[in-house]
Amino acid sequence: ALQANAAPEMPPIPDVQGDVVQADGDFKIKFSIGTTQSGAQYRGLEYFEKIVEQRSDGHIQVELFPGAQLGDDLQAVSALQSGTLEMTAPSTSPLVSMFPKFALFDLPFLFPTPDVADQVLDGDIGQQMLDEASTNGLVAIGWAENGYRQLTNSRQEVTAPEDLEGLKVRTMQNPIHLDIWRTLGANPTPMSFAELFTALEQGVVDGQENPWITIQSSRFNEVQDYATETNHVYTPFITLVSERFWSRLPAEYQQLLRDAAQQMGEYERHVGRSMNDQIKQDLADSGMQITELTPEQVKAFQDKVAPVYDNWRDQIGGELIDQVRAAS
Ligand code: PAF
């Protein structure tokens, strides 16, 4: 297990592009995330910090808080709203109660490839969603990725929906994810990520689902013997700023943060994607059984979860779903 959780090899942090931006005032950003220091998201944040500090010539200082030490995704968002935290980058899923259209991203098997996800997030739909989230004390300035979610469990190898019968699966606090796992025959429980490792260790839940990099950096292989590459949901990270902080920034620095968020997103996607094969190998070396599904096996999961689309079509808007499908 030690080997699987040693800091994985990551692409180097790029040099900073762009000139120094001149503006008045000194500012401090506390930037909190739920994932740990050894994940790709943190690496992206280190790049963000470097860009912002260099290009503001030290007038904006960024301090990073990984591992939900300042609160989980939902708590961090409410700290932004009250102005006690400046930035966070949660998965979109726990935010569906605030922004119902974000449910789009939780639909199962919506993005067949990372390129389609990029096209949607970096295009009109992504911009609409950023606008939608720029309210209630928040300013949304960019996308990065949590990535494709994979199932792990402590009970048995999963290759078909029937293997999920009664399996207690932790989900994010999100109604579409609950619907997905119920529809597949499992027994889902929403839970904050901060409680998850202990819940798996103590057998409160049998399994969980997260991207490979999070499975590795959170050491889930120490408490889960089986993993299946289901790729069932693609989760973006949305980069959020506290409106109270944002409104104090000169326009030049607002633009600098937008640019830095964009560059962070591109780099972080590249880091996460480039590491998946190595991570799977490391997890297998640590004794975890990694199962890759055949196209026919994937189709069995897709067929079984198809009703989830009907259940959420009205809330999300059929036109939006069709637009994404047309991009595929
Ligand atoms: O499983 C979750 O709750 C999320 O994927 C995580 C790891 C907190 C990142 O937002």
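This text goes with the structure placed above it.
Residues numbered from 1 in each chain as written. Predicted model: local features only at pLDDT ≥ 70, side-chain atom pairs only at ≥ 80, totals over all residues. Heavy atoms only, no water.

*Asks:* What is the right way to read empty space enclosed by the protein from this model?
*Replies:* The method is simple in principle: a probe with the dimensions of a water molecule rolls over the atoms, and the space it marks as empty is what remains. Taken as a whole and assessed by the stated rule, the structure comprises two cavities of 30 Å³ or more. Here the largest cavity is characterised by a volume of approximately 220 Å³. Taken together, 20 residues line the largest cavity, and the ones lying closest to its centre are Asp73, Ser91, Arg170, Met172 and Phe193. In terms of residue class, the lining of the largest cavity is made up of seven nonpolar, nine polar and four charged. Within this model, the second largest cavity holds a volume of roughly 40 Å³. What lines the second largest cavity is simply Gln41, Gly44, Leu45, Ala89, Ala144, Thr239, Met264 and Glu268. (1 Å grid on protein atoms, 1.4 Å probe; cavity = no way out; pocket = protein on both sides within 12 Å on 5 of 7 lines; lining within 4 Å. Points joined across faces, edges and corners; volume = space filled by probe spheres on them. Nonpolar A, V, L, I, M, F, W, Y, C, P; charged D, E, K, R; others polar.)

*Asks:* Mind showing me how you'd approach unusual backbone geometry here?
*Replies:* Residues apart from glycine generally show negative phi values, whereas peptide bonds are mostly found in trans. Phi at asparagine 136 is positive, roughly 55°, even though this residue is not glycine. Along the chain, asparagine 136 falls in the loop between α5 (124–133) and β4 (138–148). Despite not being glycine, arginine 219 shows a phi value in the positive range, around 60°. (Helix = DSSP H or I, 4+ residues; strand = E, 2+ residues; numbered from the N terminus.)

*Asks:* I would appreciate a short explanation of the layout of surface pockets in the present structure.
*Replies:* Size it by volume and the largest pocket reaches roughly 290 Å³. Gln127, Leu130, Ile141, Gly142 and Gln262 are the residues nearest the centre of the largest pocket, which is lined by 18 residues in total. Breaking the lining of the largest pocket down by element, the ones donating at least two residues are α5, β4 and α10 (251–285). Residue classes in the lining of the largest pocket are distributed as five nonpolar, seven polar and six charged. Estimates place the volume of the second largest pocket at around 230 Å³. When residues of the lining of the second largest pocket are traced back to their parent elements, those giving at least two are α2 (40–55), β4, α8 (212–217), β10 (234–242) and α10.

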